[in-house]
Amino acid sequence: MLPTITPLSLFDESVITPDEAKVGRFKVKLPDELGGVLGGKATKLENPRAIIKTDVASAKEIQKAVKGLMKRGPEGKGVKFRMMKRKDHVAVYLDFDDGKLMQDALKKIAKIK
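Only a predicted model underlies this, so the values are computations on that prediction, with no experimental measurement involved.

**Student:** Is there a simple way to think about the confidence of the model for the chain in this case?
**Tutor:** For any part of a model where pLDDT is low, the fine detail of the predicted coordinates should not be relied upon. Taken residue by residue, the chain gives an average pLDDT of 81. The fraction at 70 or more is 81%. This stretch, residues 1–11, has a pLDDT under 50; its non-local contacts, to residues over four places away or in other chains, come to two contacts.

Have a look at this one:
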């Protein structure tokens, strides 16, 4: 039996979809592939990624929280932080070199109040 989707639940931020997780006060999207461009095929991501929609102040807090895990040098492993401003929010992209780094970073993000 499929769940009923009401128009309210489409725009309600408290609804968590299967590819999302609640981490502290943030709703984190955990994609496993990139959508195709101009009708092209979707491509699988090689490394884990997290996408968080938030405001500028919270994005800066996330950046401070994962600062110790960021990449060092060209061959260094770590977390790549990108913040992109959109019309109505800021999208924070966190790219990880492995799953352990992702777990460590999400634990630090969960501690943000």
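**Student:** Please clarify how the pattern of salt bridges should be interpreted in this entry.
**Tutor:** Any two side chains of opposite charge can pair if their charged atoms end up close together. Within the structure shown, the criterion is met by six salt bridges. One salt bridge in this structure joins D32 and K44, with 3.7 Å as the shortest N-O distance. Taken as a pair, D32 in the loop between β2 (26–29) and β3 (33–34) and K44 in strand β4 (residues 43–44) lie far apart in primary sequence, 12 residues in all. What makes K44 exposed here is its relative accessible area of 59%. Taking the shortest distance from any N to any O, the salt bridge between D104 and K100 comes out at 3.3 Å. Placement of both D104 and K100 in helix α3 (residues 99–110) is noted, with a separation of four residues, approximately one turn of the helix. A relative accessible area of 55% means that K100 is categorised as exposed. Connected through salt bridges with shared partners, the residues R49, R82 and D95 form a single ionic network.

What counts, and at which threshold
- Residues numbered from 1 in each chain as written.
- Predicted model: local features only at pLDDT ≥ 70, side-chain atom pairs only at ≥ 80, totals over all residues.
- Heavy atoms only, no water.
- pLDDT = per-residue confidence, 0-100.
- Contact = heavy atoms within 4.5 Å.
- Salt bridge = Lys/Arg side-chain N within 4 Å of Asp/Glu carboxyl O.
- Helix = DSSP H or I, 4+ residues; strand = E, 2+ residues; numbered from the N terminus.
- Buried < 20%, exposed > 50% of the residue type's maximum accessible area, 1.4 Å probe, protein only.

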